[in-house]
Amino acid sequence: MDTRVEKKKLGLKERYAAMTRGLGWETSYQPMDKVFPHDKYEGIKIHDWDKWQDPFRLTMDAYWKYQGEKEKKLYAVIEAFAQNNGQLGVTDARYINALKLFIQGVTPLEYYAHRGFAHVGRQFTGEGARVAAQMQSIDELRHYQTETHAISHYNKYFNGMHESNHWFDRVWYLSVPKSFFEDACTGGPFEFLTAVSFSFEYVLTNLLFVPFMSGAAHNGDMSTVTFGFSAQSDESRHMTLGIECIKFILEQDPDNLPIVQRWIDKWFWRGYRLLTIVAMMQDYMLPKRVMSWKEAWEMYAEENGGALFRDLARYGIREPAGWKQACEGKDHISHQAWATFYNYNGAAPFHTWVPKEEELNWLSEKYPETFDKYYRPRWEFWRDQAAEGKRFYNMTLPMLCTTCQVPMLFTEEGDASKICYRESDYFGNKYHFCSDHCKGIFDHEPEKYVQSWLPVHQIYQGNCFKPGTDPTAEGFNPLMAVLDYYHVNVGRDNFDFEGSEDQKNFAAWRGDPPPAPVAATTEPGAAK
Amino acid sequence: MSVVSNPARAAYDFPMKDVRENFPAPLLYIGWEDHLMFCAPFCLPLPPETPFGALGTAVLPGIYGYHPDFAQIDWSAVQWFKSGQPWTPDPSKSLAENGLQHKDVIRFRTPGLTGIQGSFS
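Here we summarise the structure given alongside this text. (Residues numbered from 1 in each chain as written. Chains lettered and ligands numbered in written order. Predicted model: local features only at pLDDT ≥ 70, side-chain atom pairs only at ≥ 80, totals over all residues. Heavy atoms only, no water.)

## Re the side chain of His-143 of chain A
All names here are of chain A.
Here's step 1: Here His-143 is to be found in helix H5 (residues 127-155).
Here's step 2: Using a relative accessible area of 1% as the deciding quantity, one classes His-143 as buried.
Here's step 3: Sequence-distant contacts of His-143, defined by excluding residues within four places in its chain, comprise Glu-110, Ala-231, Asp-234, Glu-235 and His-238. (Helix = DSSP H or I, 4+ residues; strand = E, 2+ residues; numbered from the N terminus. Buried < 20%, exposed > 50% of the residue type's maximum accessible area, 1.4 Å probe, protein only. Contact = heavy atoms within 4.5 Å.)

## Remarks on the packing of helix H4 (residues 96-120) of chain A against helix H8 (residues 189-218) of chain A
Residues and elements named next belong to chain A.
Here's step 1: It is the contact of H4 with H8, at a shortest axis distance of 12 Å, that shows an interaxial angle of 155°. It follows from the interaxial angle that H4 and H8 lie roughly antiparallel. For the pair H4 and H8, the sense of crossing is left-handed. Residues Ala-98, Phe-102, Val-106, Glu-110, Ala-113, Gly-116, Phe-117 and Val-120 of H4 lie in contact with H8, whose contacting residues are Pro-189, Phe-192, Leu-193, Val-196, Ser-197, Leu-208, Phe-209, Phe-212 and Met-213.
Here's step 2: Residues that form the contact of H4 with H8 fall into these classes: 14 nonpolar, two polar and one charged. (Axes fitted to C-alpha atoms, helices over the stretch in contact; angles between N-to-C directions. Parallel < 35°, antiparallel > 145°, perpendicular 65-115°, else oblique. Left-handed = near helix turned anticlockwise from the far one by under 90°. Nonpolar A, V, L, I, M, F, W, Y, C, P; charged D, E, K, R; others polar.)

## Some words on the sheet that holds strand S3 (residues 79-82) of chain B
All names here are of chain B.
Here's step 1: A sheet is described by the order of its strands in space; here five strands give the open sequence S2-S1-S5-S3-S4, paired in mixed fashion. Edge strands, defined here as strands with exactly one partner in the open sheet, are strand S2 (42-45) and strand S4 (85-87). Adjacent strand axes in the sheet meet at a mean angle of 35° when their direction is disregarded.
Here's step 2: Pairing between strand S1 (residues 27-32) and strand S5 (residues 104-109): five bridges, direction parallel. Opposite Tyr-29, over in S5, you have Val-105 as the bridge partner.
Here's step 3: Strands S1, S2, S3 and S5 of the sheet are contacted by helix H1 (residues 54-64), whose axis makes an angle of about 70° with S1. (Pairing = 2+ DSSP bridges.)

## Focus on the environment of Asp-436 of chain A
Here's step 1: Checked against the element boundaries, Asp-436 of chain A lands in helix H17 (residues 436-444).
Here's step 2: In sequence terms Asp-436 of chain A and Lys-9 of chain A are 427 residues apart; their C-alpha atoms lie 57 Å from each other.

## Thoughts on unusual backbone geometry
Residues and elements named next belong to chain B.
Here's step 1: Notably, Asp-34 is not glycine yet its phi reads approximately 65°, a positive angle.
Here's step 2: Position of Asp-34 relative to the elements: it lies in the loop between S1 and S2.
Here's step 3: Take Asp-34: its relative accessible area is 4%, and that puts it in the buried class.
Here's step 4: With a phi close to 50°, Gln-117 is a non-glycine residue in the positive phi region.
Here's step 5: Residue placement: Gln-117 occurs in the segment after S5.

## Focus: the packing of aromatic side chains
Aromatic rings considered in pairs are described by the distance between their centres and by the relative angle of their planes.
Residue and element names in this part refer to chain A.
Here's step 1: Under the defined criterion, the tally for this structure stands at 69 aromatic pairs over all chains.
Here's step 2: Measuring from ring centre to ring centre gives 6.3 Å for Phe-268 and Tyr-272, while their planes differ by 10°; the resulting arrangement is stacked. In this pair, Phe-268 and Tyr-272 are both assigned in helix H10 (residues 256-274), four residues apart and thus about one turn of the helix distant.
Here's step 3: Between Phe-341 and Phe-350, the aromatic rings sit 5.2 Å apart at their centres with planes inclined by 50°, giving tilted as the arrangement. For the residue pair Phe-341 and Phe-350, the accessibility class agrees, reading buried in each case.
Here's step 4: Residue placement shows Arg-122 over the ring face of Phe-36; its charged tip is 5.2 Å from the ring centre.
Here's step 5: Cation over ring: Arg-289 sits above Trp-362, and NZ or CZ is 4.9 Å from the ring centre. (Phe/Tyr/Trp six-rings, centres within 6.5 Å; stacked < 30°, edge-to-face > 60°. Lys NZ or Arg CZ within 6 Å of the ring centre and 35° of its normal.)

## Points about the pattern of salt bridges
Residue and element names in this part refer to chain A.
Here's step 1: If you walk through the whole model with that rule in mind, you get 46 salt bridges over all chains.
Here's step 2: The residue Asp-33 makes a salt bridge to Lys-40 at a minimum N-O spacing of 2.6 Å.
Here's step 3: Asp-496 is the partner of Arg-391 in a salt bridge, and the nearest nitrogen-oxygen pair spans 2.8 Å. Placement of Arg-391 in the loop between helix H16 (371-387) and strand S1 (411-412) and of Asp-496 in the loop between helix H20 (478-486) and helix H21 (501-510) is noted, with a sequence separation of 105 residues between them.
Here's step 4: The class of Asp-496 is buried, set by a relative accessible area of 8%.
Here's step 5: Residues joined by salt bridges that share partners form a network here, namely Lys-70, Glu-71, Asp-139, Arg-142, Asp-234 and Arg-237. (Salt bridge = Lys/Arg side-chain N within 4 Å of Asp/Glu carboxyl O.)

## Thoughts on the nonpolar core
Here's step 1: Counting 190 residues, the largest nonpolar core has Trp-379 and Trp-382 of chain A together with Leu-55 and Leu-60 of chain B as the members making the most contacts within it.
Here's step 2: For this core, the element with the most residues is H8 of chain A, which contributes 15 residues.
Here's step 3: Aside from chain neighbours lying at most four places away, what touches Leu-55 of chain B is Ile-30, Leu-46, Leu-60, Pro-61, Trp-80, Leu-95 and Ile-106 of chain B.
Here's step 4: Tyr-16, Leu-58, Val-131 and Met-135 of chain A belong to the second-largest nonpolar core, a separate cluster that totals five residues. (Core = buried A, V, L, I, M, F, W, Y, C linked by side-chain atoms within 4.5 Å.)

## Looking at the interface of chain B and chain A
Here's step 1: At the interface, 45 residues of chain B touch 58 residues of chain A.
Here's step 2: Both faces combined, the contact of chain B with chain A buries some 4400 Å², and carbon together with sulfur accounts for 59% of it.
Here's step 3: Scanning the region where chain B abuts chain A turns up two salt bridges.
Here's step 4: A salt bridge links Lys-418 of chain A to Asp-34 of chain B; the nearest nitrogen and oxygen atoms lie 3.4 Å apart.
Here's step 5: Applying the counting rule to chain B against chain A returns 20 residue pairs in polar contact (both at pLDDT 80 or more).
Here's step 6: Elements that contribute at least two residues to the side of chain B that touches chain A include exactly S1, S2 and S5 of chain B.
Here's step 7: With four residues, S2 of chain B is the single largest residue contributor to the side of chain B that touches chain A.
Here's step 8: Partitioning the side of chain B that touches chain A into residue classes produces 28 nonpolar, 10 polar and seven charged. (Buried area = accessible area lost by both parts, 1.4 Å probe. Polar contact = N/O pair within 3.5 Å; in protein donor to acceptor, adjacent residues only side chain to side chain.)

## A few points about the pairing of strand S4 (residues 429-433) of chain A
Residues and elements named next belong to chain A.
Here's step 1: For S4, a buried count of five out of five residues is recorded, marking the element as mostly surrounded by other parts of the structure.
Here's step 2: Here S4 shows no split at all, with Asn-429, Tyr-431 and Phe-433 on one side and Lys-430 and His-432 on the other all buried.
Here's step 3: The pairing of strand S3 (residues 422-426) with S4 spans five bridges and is antiparallel. Looking across to S4, one finds that Asp-425 is bridged to Lys-430.

## Section: the environment of Val-490 of chain A
Residues and elements named next belong to chain A.
Here's step 1: Following the sequence through the fold, Val-490 ends up in the loop between H20 and H21.
Here's step 2: Here Val-490 falls in the partly exposed class, since its relative accessible area comes to 38%.
Here's step 3: As a C-alpha pair, Val-490 and Cys-438 span 52 residues in sequence and 34 Å in three-dimensional space.
Here's step 4: For Val-490, the residues in contact, after removing those within four places along its chain, are Met-480, Leu-483 and Phe-495.

## Topic: helix H7 (residues 175-185) of chain A
All names here are of chain A.
Here's step 1: Across the 11 residues that make up H7, a large majority, nine, are buried.
Here's step 2: Every buried residue of H7 is listed here: Ser-175, Val-176, Pro-177, Lys-178, Ser-179, Phe-180, Phe-181, Asp-183 and Ala-184.
Here's step 3: Those residues of H7 that are buried lie in contact with H4, helix H6 (164-168), H8, H10, helix H18 (446-449) and helix H19 (455-460).

So this is what it looks like as structure tokens:
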């Protein structure tokens, strides 16, 4: 009989040390600064990389095991959902438009985050930070894949999801999330961490993932809930990493503080602007409501975020410069954003609608100070117009903010009757902004933003037509040419929900009575 | 860029993407105050020789005419703003002669008209 050998089991900390030992090394025939040129050029000073603690000490073997189990559960749910025609169990086909927004505007960001972390994972001299970035890179790639797989089931049945990758690089409103991540990825490695791990993941993703996923649960979409939970358990890890990396940078050298504070100011504001679409999803796109944007903002931003910044005060960090304005916006941005998509639904591959009477009442109740005064009359007017066959489609291109790229739809602080206009002059060329903070971001590094690919300007420059298009031809319709370049199926992907193929199909598949016919619209370009 | 301390960095000097030369006509941004049913100001490429007065008669009806207030505008009472400052254009002169350049922003206010049921919509 063999002698039994007592196998010594390594603890988490020792296993992490063993698995990452030797991944970093001192170079011999090239200076370290030449091999890692990016971790100093932003001005961040790191004196002791060994102080970097990955709070999870995650190693590749543990990662595969843990994530593999999660994947099995996730794909079992997706499979069951598909086999049981789960898409018919959602509250209303209007809900599907929230998923369109997700696959168009959020899922591609997971891919950008994957690329960003893969890139910065090469930049840090310290191997602890490199390993952590690598793990996050893989996480983000997984999120991109699982979200795509989960939503692809809906793509078999509904419009507005078939070309999400193609749209992300072209469709006007998707330049908002795209420019956010391209701005982050083209910063230095510490700015990227501050932008994504801290400002976005730590301060703002609760506002993204919790409402989206509880919205899905309330509306009967268990497939989305499951990928949400699968991703959310990673998100909490990302958030912890975000706070740890901020603390690490700040503890290394007092000179880092002003640089980091400026990044926090910038990336909080950019993230806040990006979340405008989540605000409108929550207040307008969920047939069964969870909580208003205002309530979510108060809980996740004002309470949690406020506590976070009080906590960081001992490092000298104050709350982001745009905090007060962001808090003021909780009463307005969802209404302003949904009205914008209602305006431009001719060019957006998802559907919009006027809220039903009980939904208008819910909004009046949730926004007692602002909804009836500023927004309700607009919706009632549009509803009456649509009933007469005059559904409003705005056919002229809007002015955009140079920094966040959102149309100039936001109003002045303290006065919701006035659009907020700001401008800067840069070498004789004018640039325009939606807020003091977007202007401030531009003024600090104008070289970057004068290169912005602004969709409206690119359309006018003739860069958004298919090759061979002749804009001087008789009867040329620029909107139709742009939609052709976008690969939008006109009349199926876009226009009002009322009368849409999604609405009719959903009713037919469920055996519900067919929707009431819609008065023919008289707007040019909107004929179906 | 966000470079703070790299003295050896190369000059960052590239052509701006939105300069006048890249467009068939200069861009003009126009907003109608107190009428936020149109969610944002408009961006329009307009030939510099366009008479300013043609805005009210030829350009704006096509983009704002849907609004019930539009037909009630008294154009002689309209207040104009350029970059947020009160401004008096000459309707008989061209956009260029009125000093409008590429990517200028102008707004007009129509006294007495404040949108659907006075909601600024």
